[in-house]
Amino acid sequence: MTTREKILAAVLQNQSPKNPLPDISQFKGYKENAVKTYMETFDSIGGKAFLVEDMNATKTLIRENFDITQRMVTTLPELEDIANLISPTVDPHTFQDVEVAIIQAHLAVAENGAVWLTEQVMGHRILPYICQHLAVVVEANSIVPTLHEAYAQIGEGQYGFGGFIGGPSKTADIEQALVLGAHGPITMTVFVIQPLPISDNLTT
Amino acid sequence: MKPNGTKDHAALAEDFIKDEERVNWHDGSLWWIRQKRDKAAKNIPEWEELREAASQIKSNVISNLHEYLLQFEANLQKNGITVHWADSAQEHNEIVYSILKAKGFTEMVKSKSMLTEECQLNEYLAERGIDVINSDLGEYIQQIDNEPPSHIVLPCIHKRKEEIGELFHEHLGTEKGLSDPTLLTRVARKHLRNIFMTRRAALTGVNFAVAETGEYVVCTNEGNADMGAHLSEVQIASMGIEKIIPQKKHLGVFLRLLARSATGQPITIYSSHFKKPRKGQEMHMILVDAGRSRQLGRADFRDSLKCIKCGACMNTCPVYRKSGGLSYHNTISGPIGAILAPNLDMKRHADLPFASTLCGSCSNVCPVKINIHDQLYKWRQEIVKEGYAANTKALGMKAMSWTLSSPGSYTAAGKAGRWVLKNIPIAINNKLNPWYKGRDMPDGPKESFSEWYEKNKDDKS
């Protein structure tokens, strides 16, 4: 008998009488105020969130907030003039000196401040973890209330790797003192893109 | 590892409580985290419903584990992940070694995994010339101090920053006397980055494994699991077979509960979903039993397999907070460890279910509603029945049983006790009485209830 067969046989023999799965469809949050809740939550976990009108406003803020003389990379063609577009085929170790990485998230979760990224938008799996500072762009209308709506949207997900990232890397292992920037980014900034309503545009 | 020798929990706790200032500080640190947990839980109106759902999902897992394991295995293989099965710690370690050996690797970086601690993987590999570095900061600190983690979420919660500064001075060449947490963390960041950049094999634990999709989720705050995994050529994941959940949507329930219960955070900073190897990378999954299927067969204790390793029961436990995690002489310390350990070795861990006040606080905070204190109580009975209880406890219980079963001796013993407490308290309030340790004995009542009742039974007013 192989180890596999041995373990499976023991499990089959010892498992409890059948218990049904509970219905979890009642769990959901509210879409109202999702943007405001998201931004407040994200700030409370050590991140910095900006509400911006478009990609141009994002660029301005990136220039103001980061050291643009250092290596900046992105997966977004719209940001090519301020950061280098990365190639998906390069050796992951070459990202070690990336100061800022700018990527777009699929969605964000209001209740916990996290953004959902798959390797497709990361460009490379290591990028959001190895950079010194992480900047993420997310559309306001892609902010969902809780993880339940997030997983409903992600579905099975066509990715080899995906992750929720909720703030800068942190540790409190030394006497419970909070330190931002353990192994991953020291800061995380999220730009929430919410175009002004057309009526507002006309009045300005 | 520093040997804990043959000392039991009480003796090891006695070593810890010698330093009263440290005990008060340790107690306070953990209580602070417990309070953060309460605040986070109160922010979720449906918190109790979430706990109930999580518990029911895990009940379903426990009753269908065989099917889910087969489904998970098939999906892992479909995703291009190599699957291994290990019946014991030894077999698990052999598998890890064979994977590294096939590649000719002599170094590995590891993110937090209590399972590999349980298997003593680092020691096993070291004996075979393979160097392993723990990359979680707390675990790294414990590793350079040659000590096991004292808490499953906060491995070095029992250490003062000055002690950590001293370790860094010795091992990383920092200035003597440096104890600032931010500066020390920066030094470790730099040192461990170098490790991540050069190691070609990485091992992680698993928080949740999704049967439906064949992916697994690893939760960290530091990002160390990702740094290791995404830079490696070979990625290994070790998981206990109980870590399975049925469907991906169930992650929504567990990830809402996990970090809030652990540290009061709304979610861990990184919740990474690994599904397929990177191009050019090898991925291995080791499914480990090591006593879990046996615990599954113990009806009274199988619910302990629902544990999602948040550590909430430790943070709230009055015994854990005042005795320190290392006094449990088991990888998983605290209340949950005390119900998991006797399954592994009842004789060796016979003392642990007694290291509890049975106050029930652990069960009240458990995000998957494990009846921890009931199980501790049940283990005590099992251990006494099997003859593994400490002699002092067994004798005490025999004497108690005789006294309680004989009304005459009960009355006499009560009378004698009250007389002694009143007239010669020194006979009880002394170091020979284990009950006097750390607490004052009460003043004896003037009379027993029976005596009071005899006097007052005719008083109709």
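Residues numbered from 1 in each chain as written. Chains lettered and ligands numbered in written order. Predicted model: local features only at pLDDT ≥ 70, side-chain atom pairs only at ≥ 80, totals over all residues. Heavy atoms only, no water.

(A) View of the UniProt feature "domain: LUD" (unreviewed entry) in chain A. The positions that UniProt labels "domain: LUD" (unreviewed entry) are, in the present scheme, residues 94-193 of chain A. Helix makes up 16% of residues 94-193 of chain A and strand makes up 37%, while its end C-alpha atoms are separated by 30 Å. (UniProt positions renumbered as here; feature names shortened; annotations may be inferred. Helix = DSSP H or I, 4+ residues; strand = E, 2+ residues; numbered from the N terminus.)

(B) Region of interest: the packing of aromatic side chains. Using the criterion set out here, one finds 15 aromatic pairs over all chains in the structure. Judged by centre distance (4.9 Å) and plane angle (50°), the rings of A:F161 and B:F274 are tilted. With A:F161 in strand β9 (residues 161-165) and B:F274 in strand β9 (residues 270-274), this residue pair bridges two chains. Comparing A:F161 with B:F274, the two get one shared label, buried. Put simply, the rings of A:Y129, A:F161, B:Y216, B:Y270 and B:F274 pair up and form one aromatic cluster. Geometry around B:W32 places B:K36 over its ring, the cationic atom sitting 4.1 Å from the centre. (Phe/Tyr/Trp six-rings, centres within 6.5 Å; stacked < 30°, edge-to-face > 60°. Buried < 20%, exposed > 50% of the residue type's maximum accessible area, 1.4 Å probe, protein only. Lys NZ or Arg CZ within 6 Å of the ring centre and 35° of its normal.)

(C) How the structure looks around the sheet that holds β9(A). Strand order in the open sheet formed by 8 strands is β8(A)-β5(A)-β6(A)-β9(A)-β9(B)-β6(B)-β5(B)-β8(B), with mixed pairing between adjacent strands. The sheet is open, and its two borders are formed by β8 (143-144) of chain A together with β8 (244-245) of chain B, each paired with just one other strand. (Pairing = 2+ DSSP bridges.)

(D) Inspection of the side chain of B:E242 at higher detail. Tracing the backbone shows B:E242 in the loop between β7 (234-240) and β8. Residues in contact with B:E242, not counting those within four places in the same chain, are B:K58, B:R292, B:L305 and B:K309. (Contact = heavy atoms within 4.5 Å.)

(E) Region of interest: helix α7 (residues 137-144) of chain B. Taking burial as the measure, the 8 residues of α7(B) include 7 buried ones, the bulk of the element. For α7(B), every residue scored as buried is listed here: B:L137, B:G138, B:E139, B:Y140, B:I141, B:Q142 and B:I144. Structurally, α7(B) contributes buried residues whose contacts are with β10 (170-171) of chain A together with α5 (114-119), β3 (131-134), α8 (161-172) and α9 (181-198) of chain B. If you check the start of α7(B), you find a side-chain oxygen 3.1 Å away from the backbone N of B:G138, and it comes from B:D136. Phi turns positive one or two residues past the end of α7(B), at B:N146, with a value near 55°. (Polar contact = N/O pair within 3.5 Å; in protein donor to acceptor, adjacent residues only side chain to side chain.)

(F) Quick look at the confidence of the model for chain B. Here chain B shows a mean pLDDT of 94. Residues at 70 or above account for 98%. Prediction confidence for the complex, expressed as pTM and ipTM, is 0.93 and 0.96 respectively. (pLDDT = per-residue confidence, 0-100.)

(G) Region of interest: empty space enclosed by the protein. In the structure shown here, the tally under the stated rule is 4 cavities of 30 Å³ or more. Of the voids in this model, the largest cavity is the one considered here, and its volume is about 90 Å³. Residues that form the lining of the largest cavity fall into these classes: 12 nonpolar, 1 polar and 1 charged. (1 Å grid on protein atoms, 1.4 Å probe; cavity = no way out; pocket = protein on both sides within 12 Å on 5 of 7 lines; lining within 4 Å. Points joined across faces, edges and corners; volume = space filled by probe spheres on them. Nonpolar A, V, L, I, M, F, W, Y, C, P; charged D, E, K, R; others polar.)

(H) Representation of the sheet that holds β7(B). Residue and element names in this part refer to chain B. One open sheet holds the 6 strands; their spatial order is β1-β10-β7-β4-β2-β3, and the pairing between them is parallel. Strand pairing shows two members of the sheet lacking a second neighbour, β1 (82-86) and β3, which therefore form its edges. Each strand of the sheet is rotated relative to its neighbour by a mean of 20°, with strand direction disregarded. Where β1 meets strand β10 (residues 282-288), 5 bridges bridge the pair, whose relative direction is parallel. Residue pairing for β10: T82 is matched across the bridge by H284. (Axes fitted to C-alpha atoms, helices over the stretch in contact; angles between N-to-C directions.)

(I) Molecular detail of the nonpolar core. Ranked by size, the top nonpolar core spans 88 residues in total, and within it A:Y38, A:V115, B:Y216 and B:M285 carry the most contacts. Residues contacting B:M285, with those up to four places away along its chain left out, are B:F72, B:L76, B:I81, B:T82, B:V83, B:H84, B:V206, B:Y216, B:A237 and B:M239. In this structure, B:F254, B:I308, B:V365 and B:I383 belong to the second largest nonpolar core, which totals 72 residues. (Core = buried A, V, L, I, M, F, W, Y, C linked by side-chain atoms within 4.5 Å.)

(J) Summary view of the layout of surface pockets. Residue and element names in this part refer to chain B. The computed volume of the largest pocket comes to approximately 2400 Å³. At the level of secondary structure, the elements contributing two or more residues to the lining of the largest pocket comprise α1 (9-17), α2 (20-42), α14 (318-323), α17 (372-385), α18 (391-404) and α19 (407-423). With 7 residues, the single largest contributor to the lining of the largest pocket is α18. Here the residues of the lining of the largest pocket sort into 22 nonpolar, 13 polar and 10 charged. Residue assignment places the lining of the largest pocket across two domains, with domain 2 (295-386) and domain 3 (399-456) each supplying three or more. (Domains from an automatic or database assignment.)

(K) Just the interface of chain A and chain B, in detail. Taken residue by residue, the interface counts 69 residues in chain A and 93 residues in chain B. Roughly 6900 Å² is buried in total at the junction of chain A and chain B, and carbon and sulfur atoms are behind 60% of that figure. Where chain A touches chain B, the interface holds 7 salt bridges. Two residues, B:K161 and A:E175, come together in a salt bridge whose shortest N-O distance is 3.9 Å. Elements supplying a minimum of two residues to the side of chain A that touches chain B: α1 (3-14), α5 (127-130), α6 (147-154), β9, β10 and β11 (179-180) of chain A. (Buried area = accessible area lost by both parts, 1.4 Å probe. Salt bridge = Lys/Arg side-chain N within 4 Å of Asp/Glu carboxyl O.)

(L) Focus on a nonpolar patch on the surface. A contiguous nonpolar patch, built from B:M400, B:L404 and B:Y410 and spanning about 360 Å² of accessible area, is present on the exposed surface. By relative accessible area, which is 51% here, B:Y410 ends up exposed. (Patch = residues over 30% accessible without salt bridge, like charges linked within 9 Å, V, L, I, M, F, W, Y side chains within 5 Å. Areas by Shrake-Rupley, 256 points an atom, 1.4 Å probe, with all protein chains shown as cover.)

(M) Up close: unusual backbone geometry. Residue and element names in this part refer to chain B. Its identity as a non-glycine residue notwithstanding, L358 has a phi of 60°, on the positive side. The topology assignment puts L358 in the loop between α15 (334-344) and α16 (361-365). The partly exposed category is assigned to L358, whose relative accessible area is 25%. Located in the positive-phi region is K369, a residue other than glycine, with phi close to 55°.

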